[in-house]
Amino acid sequence: MSTLVLVLITGAGLGALYFLVASGLSLIYGLMHVLNFAHGAFLTLGAFIGWEVARRLDTATWSTFFVSILVGGAVGAAFAALTELALIRPLYERHIEQVLVTVGLAFAAVALYQGIWGSDPIYIDSPPWMLQTTDVLGALVPNTYWVLMLAATALLASLVIFLRFTRYGTIIRAGVENRWMVTALGIDVRRAFTVVFAIGGSAAGVGGVLAGHYTGYVSAYLGSSLLIFAFIITVIGGLGSLTGAAIASVLVAVLQQFANYYLGGTGDIIVVVLLAVVLLARPAGLLGRAS
Amino acid sequence: MTDTASTPRRGYGPLILGVVLITLMAVLPLLNVSIPGILPSATYEPGALALLSLAMVFAALALSYNMLLGTSGMLSFGHALYFGAGAYGLGIALKYFGVPLWPGVVIALVGGLVIALITGAVSMRVGGIPFAMVTLAFAEAGSVLVRRNSAVTGGEEGLSLNSAGVPDFLVGVVNSKNLYWFTLAIFVVIYLMSLWVDTSRLGRLARAVSENELRVRVLGLEPARAKLVVFVIAAGCAGLAGVAYMLLQSGAVPRAVSADLTITVLVMVVLGGVGYRWGAIVGGVVYTVLDQRLTVLAGSDAIASLPSLVRVPLSEPLFLLGSLFIVVVIFVPGGIAGTVDGWWARRRRQRRRDAIATLERAEGASESKEVGP
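Residues numbered from 1 in each chain as written. Chains lettered and ligands numbered in written order. Predicted model: local features only at pLDDT ≥ 70, side-chain atom pairs only at ≥ 80, totals over all residues. Heavy atoms only, no water.

1. A word on empty space enclosed by the protein
Following the criterion strictly, the structure yields two cavities of 30 Å³ or more and no others. As for the largest cavity, its lining consists of Met-32, Glu-84, Ile-88, Arg-89, Tyr-92, Glu-93, His-95, Gln-98, Arg-179 and Phe-193 of chain A. Breaking the lining of the largest cavity down by element, the ones donating at least two residues are helix 3 (62-88) and helix 4 (95-117) of chain A. Partitioning the lining of the largest cavity into residue classes produces four nonpolar, two polar and four charged. If you add up the space inside the second largest cavity, you get close to 40 Å³. Taken together, the elements giving at least two residues each to the lining of the second largest cavity come down to helix 10 (222-237) and helix 12 (267-281) of chain A together with helix 6 (128-148) of chain B. The biggest single contributor to the lining of the second largest cavity is helix 6 of chain B, with four residues. Here the residues of the lining of the second largest cavity sort into seven nonpolar, no polar and two charged. (1 Å grid on protein atoms, 1.4 Å probe; cavity = no way out; pocket = protein on both sides within 12 Å on 5 of 7 lines; lining within 4 Å. Points joined across faces, edges and corners; volume = space filled by probe spheres on them. Helix = DSSP H or I, 4+ residues; strand = E, 2+ residues; numbered from the N terminus. Nonpolar A, V, L, I, M, F, W, Y, C, P; charged D, E, K, R; others polar.)

Here it is, written out as structure tokens:
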């Protein structure tokens, strides 16, 4: 029983981390039809800069942790906005080229991180509470998972509020629905593109800092491994659907943890099998609309 | 993707050029040619032969990828899976089944084709960008399988080639020349496959599908099957390139199945020019040589003495190649081949225009003479 609880809760926590990455990807794809391979690079930069800040402050305190989260988010947002302005915008509507540019950026960025911070993982400090465990129905759950869940819930809530109740949010939702109509109404959707990229980037940056605390280290490859799961999640959830991404994140992560515990570490394979099953049954994803 | 690549070539010019080039490549190990700055040694020495062989493997892999992206417009991020299937398939067949080389090659290729057929059929449930994501996921699963099952694949350490089944003339540094010729033969086979795909009905259908799928379906043709067949053929060629890689390197590492490798091949094809066979070859060779040379440059003293702001980016070959790739995508959309081809076409048009202008001028001159008093 306690193992089951543990698997469920850690699955939900891991799903929270996936959601931080996948939400941005899904929003970007939904609005702009851009598959952003550089998303992992935003995440890794957030993680590294967050760590650099934490290193210069008093490590392992809550205030440092929050500052590094804020800085990571800001760095991710800035990097993403810059990417959109400098690389994506000149290739307006040329989707394959846009993908290629983000591939090149991811390629170059990872190499640069390696040059700056080395290719070995750098182990980081967390606030002491995060390294402890909480007893839930006999299962000892590491506290990092609560932080992940809290962060993802906060992100989901603020995204929903932003999309529902602000002007930009309305433009973005309308743009996902029918971009040509929005343009025809005289609204400059391109500004919304930059906003979406910045939001996705900040979520990835925060995700990077949290991923560092989750794994206990930061490395140049932190983003690439998470990115692939985020891709799988956006396809399973339905491209462009935020709710779909949230559901798929938890589904994928819980399934992955189950397989890792009960089926001898086959979690990653099970996820790909799930992807194949979903594609065969519902090519548009769980909540996606048929194209 | 371009008209020039799809129109059938007339005359024997290209055929003669091809035969001359292949002959030249074939006699290269017997000559003493040094190209300082590009090749690490003279062409008859193992260092240069190893680099040239590797360049041919990647050129062949780029050709097979061009069948997907260039001919059928499929952006796959899982092509390395089939390359890795060829390399690991051969390694596993030789090591655990104890078969000789040729049956081993057949086992590796058949295994790769089966994997390609299954994963290809599932991936093609979606198209465009989602297709890219799904192929990436399959390749990642393959990569995870290779890394995890270290009992079979050697895990992160890699799988070394069991040379017991391999004929002696294809083993070791002393036989670099034979390995080079073997690779050249495989390269030629893959080139001919690529040529056949591009000029056959199948290739034309795939090309038509990439331009307007609905129209092809209205004509009563089956786009899905054509795309799948091209996908499987491309995967088979990648597997063959993987076989050559396994023999050349006497082993395979998990990188051979990774998304990184697919991205590298994608960079080669885009750099060379999507849709051009010779572009893929040039891209593969240029990339391989650049990668090796930049790595040497990164370790040089000249770089080490620079201030860190300049040194760090310059000492990362992948950073330079990634940046080059971005520049090519934004500013040189046709890649090397597209640019050269466009330049040729412009020149030919200009010449024709000049010729017509000269003719008209001559006519005008003679007319005015007749009219004159």
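2. Here's the deal with helix 3 (residues 46-71) of chain B
All names here are of chain B. With 26 residues, helix 3 should cover 38 Å at 1.5 Å per step; its first-to-last C-alpha distance of 36 Å lies within 8% of that length. Counting buried positions over the 26 residues of helix 3 gives 23, a clear majority of the element. The first or second residue beyond helix 3 is Gly-73, which carries a positive phi of 65°. (Expected span 1.5 Å × (residues − 1). Buried < 20%, exposed > 50% of the residue type's maximum accessible area, 1.4 Å probe, protein only.)

3. So, the domain arrangement of chain B
In terms of domains, chain B is made up of domain 1 (3-266) and domain 2 (337-373). Using only C-alpha atoms to locate each centre, domain 1 of chain B and domain 2 of chain B end up separated by 46 Å. (Domains from an automatic or database assignment.)

4. Some details on the confidence of the model for chain B
All names here are of chain B. Per-residue confidence for chain B averages 86 on the pLDDT scale, and 95% of its residues sit at or above 70. Counting contacts from residues 1-9, a segment whose pLDDT is below 50, to residues more than four positions away or on other chains yields 15 contacts. Reported for the predicted complex are a pTM of 0.86 and an ipTM of 0.86. (pLDDT = per-residue confidence, 0-100. Contact = heavy atoms within 4.5 Å.)

5. Comments concerning the interface of chain A and chain B
Often, the extent of an interface is quoted as the loss of accessible area upon association of its parts. Of the residues lining the interface, 37 residues belong to chain A; the matching set on chain B comes to 35 residues. Interface area, chain A with chain B, both sides summed: about 3,400 Å², of which 85% is carbon and sulfur. Among the residues chain A hides against chain B, the three largest losses belong to Leu-100, Phe-107 and Ile-228 of chain A. Together they make up 19% of the total. Here chain A and chain B share one salt bridge between them. Put simply, chain A and chain B have four residue pairs in polar contact (both at pLDDT 80 or more) between them. Only helix 4, helix 10 and helix 12 of chain A provide two or more residues apiece to the side of chain A that touches chain B. (Buried area = accessible area lost by both parts, 1.4 Å probe. Salt bridge = Lys/Arg side-chain N within 4 Å of Asp/Glu carboxyl O. Polar contact = N/O pair within 3.5 Å; in protein donor to acceptor, adjacent residues only side chain to side chain.)

6. Topic: the side chain of Thr-153 of chain B
Residue and element names in this part refer to chain B. Within the secondary structure, Thr-153 is located in helix 7 (residues 150-153). In this structure the side chain of Thr-153 is engaged in a polar contact, spanning 2.5 Å, whose partner is the backbone oxygen of Val-146. Side-chain polar atoms of Thr-153 contact the backbone oxygen of Asn-149, separated by 3.0 Å. Thr-153 has contacts with Tyr-88, Ile-92, Val-146, Gly-158 and Leu-159, leaving out every residue within four places of it along the chain.

7. Notes on the packing of helix 2 (residues 39-56) of chain A against helix 3 of chain A
Residue and element names in this part refer to chain A. Two numbers describe how helix 2 lies on helix 3: the axes approach to 8 Å, and their chain directions differ by 145°. As helix 2 runs across helix 3, the sense of the crossing is right-handed. Contacts between helix 2 and helix 3 involve Ala-41, Phe-42, Leu-45, Gly-46, Ile-49, Gly-50, Val-53 and Ala-54 from the first element and Thr-64, Val-67, Ser-68, Val-71, Gly-72, Val-75, Gly-76, Phe-79, Ala-80 and Thr-83 from the second. In terms of residue class, the contact of helix 2 with helix 3 is made up of eleven nonpolar, seven polar and no charged. (Axes fitted to C-alpha atoms, helices over the stretch in contact; angles between N-to-C directions. Left-handed = near helix turned anticlockwise from the far one by under 90°.)

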